[in-house]
Amino acid sequence: MAGSICQTRLLSLFDYKTEKYIVAKNKKVGILYRLIQLSIIGYIIGWVFLSKKGYQETDEAIQTSVITKLKGVSVTNTSESGVLVWGPEDYVIPPQGEAVLFVITNFLETPNQKLGYCAESSKVLNGHCRDDQDCDEGKIVDAGHGIMSGRCIRKDENSTSTCEIYGWCPTERKYKPQGPLLANAENFTIYIKNFIRFSKFAFSKSNVLKTNDDSYLKKCRYDEELHPYCPIFRLGEITRRAGHNFQDMAAFGGSIGIMIEWDCDLDKGDSRCHPRYHFTRLDISSDKTVAMGFNFRHTRYYKNEAGESYRSLFKVYGVRFNIMVNGKAGKFSIIPTAINVGSGLALMGAGAFFCDMVLLYLMKKSTSYRERKYEGSGQSTKKTSEDDSVEDRKDATEQEKLAF
């Protein structure tokens, strides 16, 4: 008897149990359930798979290299320097061709500076004085141009008294530029060569058109529709696409961001992996609390016939270009596909659960639906016990017959 029960329980482990469904003839809940199903199916197909390509494995760890080169010539004529011809080797800093470069468009020159004694600039507040006691000998002037000699001097009756310093004299000329000296810099061109690689898929590409025409790069200019693979940009066109006028930026300088974005669908081959360029000005904020423009100082040293050292100090203004590259690549993979399909099925189950809550607790006949969905266990247990007793009596009778 005990063995039979154990055998029955052991065999029950291999039974398959399925859910019992009750069909509720309620159009409102039925329509709600179908709408939820359609919404979930539309979300999975339209957004997850078509828009976000949820069937693909992605690689966003883009490896990139940028090479730049500028071309263009300009001429300036100033009282300090006379007539000068400016080439890329003069107005591009640094000249190596990196992802961040500076193009000079304007400058202020303080020529023929020599180490010696002169009055500190009146623009330096810490250099002001009333007498010699305000000028401590050997003290460096904060934000100034040299070391105090201990004397307080005045250039003329209308000027402010300043401490005498030992440094490069005369001190830097302080005035604002009236207009860009390299006005035609907007016609300069910049060649941006970008190589990318997605190591996960062993895929690499360049932003330069593959062609056998050697003259292509000499005559093409970037155009989003006509020449998307021409890497040569006119500086004036870059600032225009960033929403600003080049001549307005050239006087006091500025900073432009050039963003190269790669969005590669490798299931469709190279044709769906191409660069997109975005341009924006970086040195301006919406509240305009930060001063616009960009400038810095550099010098050129030389010696006269007597061997004395001189220098020319340049405060240069210009446009700083920051080239930034980002992107991602995607390719079909069964793992993300299975995960997203499973997520969709889980959402379908959540929709059925929500409709059950509406049917069983929010409808007018919710009590009747609950009674049909959930059966009581008392009567069933009693009936099951009676059935077990009948089976036990039959087994005992069979055993008695076998004994005789």
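Residues numbered from 1 in each chain as written. Predicted model: local features only at pLDDT ≥ 70, side-chain atom pairs only at ≥ 80, totals over all residues. Heavy atoms only, no water.

1. A closer look at the pairing of strand β13 (residues 275–281)
Only one face of β13 is covered, namely the one carrying Pro275, Tyr277, Phe279 and Arg281; the face carrying Arg276, His278 and Thr280 has none of its residues buried. Two strands pair when backbone bridges link them, and strand β12 (residues 254–265) and β13 are joined in this way by seven bridges, in the antiparallel orientation. Counted as the bridge partner of isoleucine 256 is arginine 281 from β13. (Buried < 20%, exposed > 50% of the residue type's maximum accessible area, 1.4 Å probe, protein only. Helix = DSSP H or I, 4+ residues; strand = E, 2+ residues; numbered from the N terminus. Pairing = 2+ DSSP bridges.)

2. Some thoughts on a nonpolar patch on the surface
Where nonpolar side chains cluster on the molecular surface, the patch consists of Leu115, Tyr117, Ile140, Ile147 and Tyr166 and spans about 520 Å² of accessible area. With respect to the helices and strands, tyrosine 117 occurs in strand β6 (residues 100–119). Classification of tyrosine 117 as exposed rests on a relative accessible area of 55%. (Patch = residues over 30% accessible without salt bridge, like charges linked within 9 Å, V, L, I, M, F, W, Y side chains within 5 Å. Areas by Shrake-Rupley, 256 points an atom, 1.4 Å probe, with all protein chains shown as cover. Salt bridge = Lys/Arg side-chain N within 4 Å of Asp/Glu carboxyl O.)

3. A short note on helix α7 (residues 334–362)
When the terminal C-alpha atoms of α7 are compared, their 41 Å separation across 29 residues agrees well with the 42 Å that a helix rising 1.5 Å per residue should span. Buried within α7 are the following residues: Pro336, Thr337, Asn340, Gly344, Gly351, Cys355, Val358, Leu359 and Leu360. Against the buried residues of α7 lie α2 (27–51), β1 (56–59), β15 (309–332) and α8 (366–373). (Expected span 1.5 Å × (residues − 1). Contact = heavy atoms within 4.5 Å.)

4. Quick word on the packing of α7 against α8
Look at α7 against α8: their axes get within 6 Å of each other, and the N-to-C directions meet at 115°. Where α7 approaches α8, its residues Asp356, Leu359, Leu360, Tyr361 and Leu362 are matched on the opposing element by Ser366, Tyr369, Arg370 and Lys373. (Axes fitted to C-alpha atoms, helices over the stretch in contact; angles between N-to-C directions.)

5. What about the pattern of salt bridges?
Working definition: two side chains of opposite charge can pair if their charged atoms are close together. Summed over all chains, the structure comprises 10 salt bridges. Between glutamate 164 and arginine 151 there is a salt bridge, with its nearest N and O atoms 3.2 Å apart. Highlighted residues: glutamate 164 in strand β8 (residues 162–169) and arginine 151 in strand β7 (residues 146–153), separated in sequence by 13 residues. Classification of glutamate 164 as buried rests on a relative accessible area of 9%. According to the relative accessible area criterion, arginine 151 is partly exposed, its value standing at 45%. Ionic pairing is found between aspartate 283 and arginine 281, a salt bridge with its closest N-O pair at 2.7 Å. Each of the two residues, aspartate 283 as well as arginine 281, counts as buried. Counted as one network, the salt bridges with shared partners bring together Glu237, Arg240 and Arg241.

6. Considering the packing of aromatic side chains
Applying the stated criterion across every chain yields a total of 15 aromatic pairs. Ring centres of tyrosine 55 and phenylalanine 332 lie 6.5 Å apart, and the angle between their planes is 35°; this geometry places the pair in the tilted category. Within this pair, whereas tyrosine 55 is found in the loop between α2 and β1, its partner phenylalanine 332 is found in strand β15, the two being separated by 277 residues in sequence. Between phenylalanine 102 and phenylalanine 294 the ring centres are 5.4 Å apart and the planes differ by 50°, which places this aromatic pair in the tilted class. Remark: phenylalanine 294 occurs in the loop between β13 and β14 (295–303) and phenylalanine 102 occurs in strand β6; sequence separation between them is 192 residues. Taken together through their ring pairs, the aromatic side chains of Tyr222, Phe233, Tyr277 and Phe279 make up a single cluster. Positioned above the aromatic ring of phenylalanine 314 is the side chain of arginine 300, whose terminal nitrogen or guanidinium carbon lies 4.9 Å from the ring centre. (Phe/Tyr/Trp six-rings, centres within 6.5 Å; stacked < 30°, edge-to-face > 60°. Lys NZ or Arg CZ within 6 Å of the ring centre and 35° of its normal.)

7. A closer look at the confidence of the model for the protein
Reading fine detail from the predicted coordinates is not recommended where pLDDT is low. Scored by pLDDT, the protein has a mean of 84; 89% of the residues are at 70 or more. Below a pLDDT of 50 lies the segment residues 379–385, which in the model reaches zero contacts outside its immediate sequence neighbourhood of four places, other chains included. Note that pLDDT drops below 50 for residues 398–404; the model gives that stretch zero contacts with residues more than four away or on any other chain. (pLDDT = per-residue confidence, 0-100.)

8. Some details on the nonpolar core
Counting 44 residues, the largest nonpolar core has Tyr91, Leu235, Ile238 and Phe321 as its most contacted members. Of all elements in the fold, only β2 (63–71), β6, β9 (189–198), α5 (235–241), α6 (246–252), β12, β13 and β15 reach the threshold of two or more residues within this core. Apart from the residues lying within four places of it in its own chain, the contact partners of tyrosine 91 are Leu70, Lys71, Gly72, Trp86, Phe102, Val103, Ile104, Leu182 and Phe188. (Core = buried A, V, L, I, M, F, W, Y, C linked by side-chain atoms within 4.5 Å.)

9. A word on unusual backbone geometry
Of the consecutive residues isoleucine 93 and proline 94, the connecting peptide bond is found in the cis state with omega at -5°. By secondary structure assignment, the location of proline 94 is in the loop between β5 (92–93) and β6. Unlike most non-glycine residues, lysine 53 shows phi in positive territory, near 50°. Phi is positive for asparagine 112, close to 55°, though the residue is something other than glycine.

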